[in-house]
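Given next are the chains, with one letter for each unit.
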Amino acid sequence: LKLIFDVNLRSAYAAGRWERIERTKEQFPFLRYVQIQRRTARDEHKPWHGVIRPVDDPWWDQHYPPCGWNCGCIAQQVDADMMK
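Residues numbered from 1 in each chain as written. Predicted model: local features only at pLDDT ≥ 70, side-chain atom pairs only at ≥ 80, totals over all residues. Heavy atoms only, no water.

Comments concerning the overall build of the chain
- When you go through the chain residue by residue, the secondary structure sums to 3 helices and 3 strands.
- The helix and strand sequence of the chain, counted from the amino end, reads α-β-β-α-β-α.
- Seen along its three principal axes, the alpha-carbon backbone of the chain occupies a region of about 40 × 25 × 20 Å.
- Within the chain, the proportion of its 84 residues that are buried is 27%.
- Carbon and sulfur atoms provide 56% of the accessible area of the chain, an area that totals close to 5,900 Å².
- Here the chain contributes 13 positively and 11 negatively charged side chains, and the mean placements of these two sets differ by 9 Å. (Helix = DSSP H or I, 4+ residues; strand = E, 2+ residues; numbered from the N terminus. Buried < 20%, exposed > 50% of the residue type's maximum accessible area, 1.4 Å probe, protein only. Areas by Shrake-Rupley, 256 points an atom, 1.4 Å probe, with all protein chains shown as cover. Lys, Arg positive; Asp, Glu negative; His and termini not counted. Charge placed at Lys NZ, Arg CZ, Asp CG, Glu CD.)

Written as structure tokens, this is what we have:
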């Protein structure tokens, strides 16, 4: 039951964040993948840390967090000035 609750909670938060990203992509047209540094960080997510791509890039179809069970990564919205 705890597993089902956790998966549903993370999925709902991710869906809400994506809705906000879509709504504000004119002001923040890029996303930056951020791996939260913690004990359970996944080695396969390390190469993605710091990757910046446009919101509409197909890369996010496969890499928008959470990317697996208990993933703590996030997608941070950025604009051109923030990337400098």
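A short note on the sheet that holds strand S2 (residues 52–54)
- Strand order in the open sheet formed by 3 strands is S2-S1-S3, with antiparallel pairing between adjacent strands. Edge positions in the open sheet fall to S2 and strand S3 (74–78), since each of these has one partner strand only. Averaged over neighbouring strand pairs, the angle between their axes works out to 35 degrees when direction is ignored. (Pairing = 2+ DSSP bridges. Axes fitted to C-alpha atoms, helices over the stretch in contact; angles between N-to-C directions.)

With respect to the packing of aromatic side chains
- Under the definition given, this model contains 6 aromatic pairs.
- Here the aromatic rings of Trp-18 and Tyr-64 are separated by 4.9 Å at their centres, their planes lie at 70 degrees, and the arrangement is edge-to-face. In this pair, Trp-18 is assigned in helix H1 (residues 2–23) and Tyr-64 in the loop between helix H2 (59–63) and S3, connecting sequence segments 46 residues apart.
- Since its relative accessible area comes to 25%, Trp-18 is described here as partly exposed.
- Classification of Tyr-64 as buried rests on a relative accessible area of 16%.
- When the ring of Tyr-33 is compared with that of Trp-60, the centres are 6.5 Å apart and the planes differ by 15 degrees; the resulting orientation is stacked. One end of the pair, Tyr-33, is in strand S1 (residues 30–34); the other, Trp-60, is in helix H2, with 27 residues separating them in the sequence.
- One aromatic cluster is present, formed by Tyr-33, Trp-48, Trp-59 and Trp-60 through successive ring pairs. (Phe/Tyr/Trp six-rings, centres within 6.5 Å; stacked < 30°, edge-to-face > 60°.)

Quick look at the confidence of the model for the chain
- For the chain, the average pLDDT comes to 89, and 96% of its residues sit at 70 or higher.
- At the low end of the mean pLDDT range in the chain sits helix H3 (residues 80–83), at 85; at the high end sits S2, at 96. (pLDDT = per-residue confidence, 0-100.)

Regarding the pattern of salt bridges
- Under the definition given, this model contains 5 salt bridges.
- Salt-bridge contacts for Asp-6 lead to Arg-10; the nearest nitrogen and oxygen are separated by 3.0 Å. Taken together, the residues Asp-6 and Arg-10, both in helix H1 and 4 residues apart, mark about one turn of the helix.
- Note on Arg-10: relative accessible area 24%, which makes it partly exposed.
- It is possible to trace a salt-bridge network through shared partners that takes in Glu-22, Lys-25 and Asp-56. (Salt bridge = Lys/Arg side-chain N within 4 Å of Asp/Glu carboxyl O.)

A closer look at unusual backbone geometry
- In this chain, Pro-65 is followed by Pro-66 through a cis amide linkage whose omega measures 5 degrees.
- Within the fold, Pro-66 resides in the loop between H2 and S3.

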